[in-house]
Amino acid sequence: RDFDPFLDAALDAGLLCNVDGQLFYNTNLDERNADKRKRKVERIAEGLTGKAFEAYVAMLLKGSRKFANFLSNIYPAGQHPEEHGFGETDFLAYEPVSLALTLISCKSSPPGLEHLESLLARKAKFGGLFARTLLCVEYGVTEDREQTLRSQCQSLGIGCAIGDEITSALGA
């Protein structure tokens, strides 16, 4: 039961509720407004997938032999991040051996080309010419989609780690 600590944490955080030994999204069934319930379900799903995956990557970075330090949830200074299409950068990590910054993006499933191009813009903004990028993807969905993603990353100069490869890519 490897997921027990994860499910216990989700229960403690109020994302899930236990009803007669079965776990359900904690959507507050008394809520009559369908739009509010939908937004609540979306927040719960994001908390159980994307946020949990980012927490896993942060744990690996803390124990990394490759990266000496990292920052999380980074936005460009002095700008509203959405105005320039940057959004949030998951991690910016320092690699002392190469004296380089690595911009790390976490996705629970393979992103599209637009996200990869956004990574290159963020890399230029945060780290300049010698910065690196690494895309960490929890799973590849299909073999064809995984191969396409790897090919796109390679042609753009973006590191790509999927599933079990993430641990070694982060030097954990």
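Look up: the structure comes first, before these words.
Everything quoted here is computed from the prediction, not taken from an experiment.

Caption draft 1: Geometry of the pairing of strand β1 (residues 16–19). Bridge analysis of β1 against strand β2 (residues 22–25) gives four bridges, and the strand direction is antiparallel. Paired with C17 across the strands is F24, a residue of β2. Count of turn residues in the β1/β2 antiparallel hairpin: two residues, of which D20 carries a positive phi of about 55°.

Caption draft 2: Quick look at the pairing of strand β5 (residues 100–107). Taking burial as the measure, the eight residues of β5 include six buried ones, the bulk of the element. Pairing geometry for strand β4 (residues 89–95) and β5, over five bridges, is antiparallel. Within β5, the position partnered with Y94 by the bridge is L101. Hairpin connection, β4 to β5: the antiparallel pair is bridged by four residues, and L99 has positive phi, about 50°. Here six bridges tie β5 to strand β6 (residues 132–137), and the two strands are oriented parallel to one another. Of the residues in β6, the one forming a bridge with K107 is V137. Once you follow β5 into helix α4 (residues 113–126) and on to β6, the crossover reads as right-handed.

Caption draft 3: Looking closely at the state of the cysteines. Going through the model one piece at a time under the given rule, you end up with zero disulfides. Free of any disulfide, C106 has its nearest cysteine sulfur in C136, 5.3 Å distant. In this structure C153 is not part of a disulfide, and its nearest cysteine sulfur, from C160, lies 4.2 Å away. Relative accessible area serves as the criterion here: at 0%, C153 is assigned to the buried category.

Caption draft 4: Molecular detail of the packing of aromatic side chains. By the definition in use, this model includes two aromatic pairs. Between the aromatic rings of F53 and Y56, the centroid separation amounts to 6.4 Å while the plane-to-plane angle is 25°, which identifies the pairing as stacked. Pair noted here: F53 and Y56 are both in helix α3 (residues 50–62), with a separation of three residues, about one helical turn. Accessibility expressed as a relative area gives 4% for F53, which makes it buried. Here F70 and F91 contribute two aromatic rings whose centre-to-centre distance is 5.7 Å and whose plane-to-plane angle is 70°, an arrangement assigned as edge-to-face. Of this pair, F70 sits in strand β3 (residues 69–74) while F91 sits in strand β4, placing them 21 residues apart in sequence. We note that F70, like F91, is buried.

Caption draft 5: The arrangement of the sheet that holds β4 in detail. The strand order across the open sheet formed by five strands is β3-β4-β5-β6-β7, and the pairing between neighbours is mixed. With partners counted over all chains shown, the strands left at the sheet margins are β3 and β7 (159–162), one partner each. Across the sheet, the mean angle from the axis of one strand to that of its neighbour is 25°, orientation sign disregarded. Running at roughly 150° to β5, α4 makes contact with β3, β4, β5 and β6 of the sheet. Its contacts with the sheet put helix α5 (residues 143–156) on β6 and β7, and the angle it makes with β7 is roughly 155°.

Here is what the cut-offs are and how they apply
- Residue indices begin from 1 for each chain and proceed along its sequence in written order.
- Whole-chain, interface and lining totals are the exception, using all residues; otherwise, since this is a predicted model, local features are given only for residues with pLDDT of at least 70 and side-chain atom pairs are given and counted only at 80 or more.
- Excluding hydrogens and water, the side-chain figures rest on all heavy atoms present in the structure.
- Two strands pair if DSSP finds at least two bridges between them.
- Counting from the N terminus, the helices are DSSP H or I runs at least four residues long and the strands are E runs at least two residues long.
- Remark: exposure states derive from per-residue accessible area (1.4 Å probe, protein chains only) relative to the maximum for the residue type, with buried under 20%, exposed over 50%, and partly exposed in between.
- The handedness of a crossover follows from its direction of travel: if, with the strands pointing away from the viewer, the path from the first strand over the helix to the second runs clockwise, the crossover is right-handed.
- Criterion for a disulfide: a pair of cysteine sulfur atoms at a distance within 2.5 Å.
- Here a pair means two rings of Phe, Tyr or Trp (six-membered ring of Trp) with centres within 6.5 Å. Their orientation is stacked below 30 degrees between planes, edge-to-face above 60, and tilted elsewhere.
- Here an axis means a line fitted to C-alpha atoms, over the contact stretch when the element is a helix, while the angle between two N-to-C directions is reported on a 0 to 180 degree scale.
- Contacts between residues were defined by any pair of non-hydrogen atoms, one from each residue, lying within 4.5 Å.

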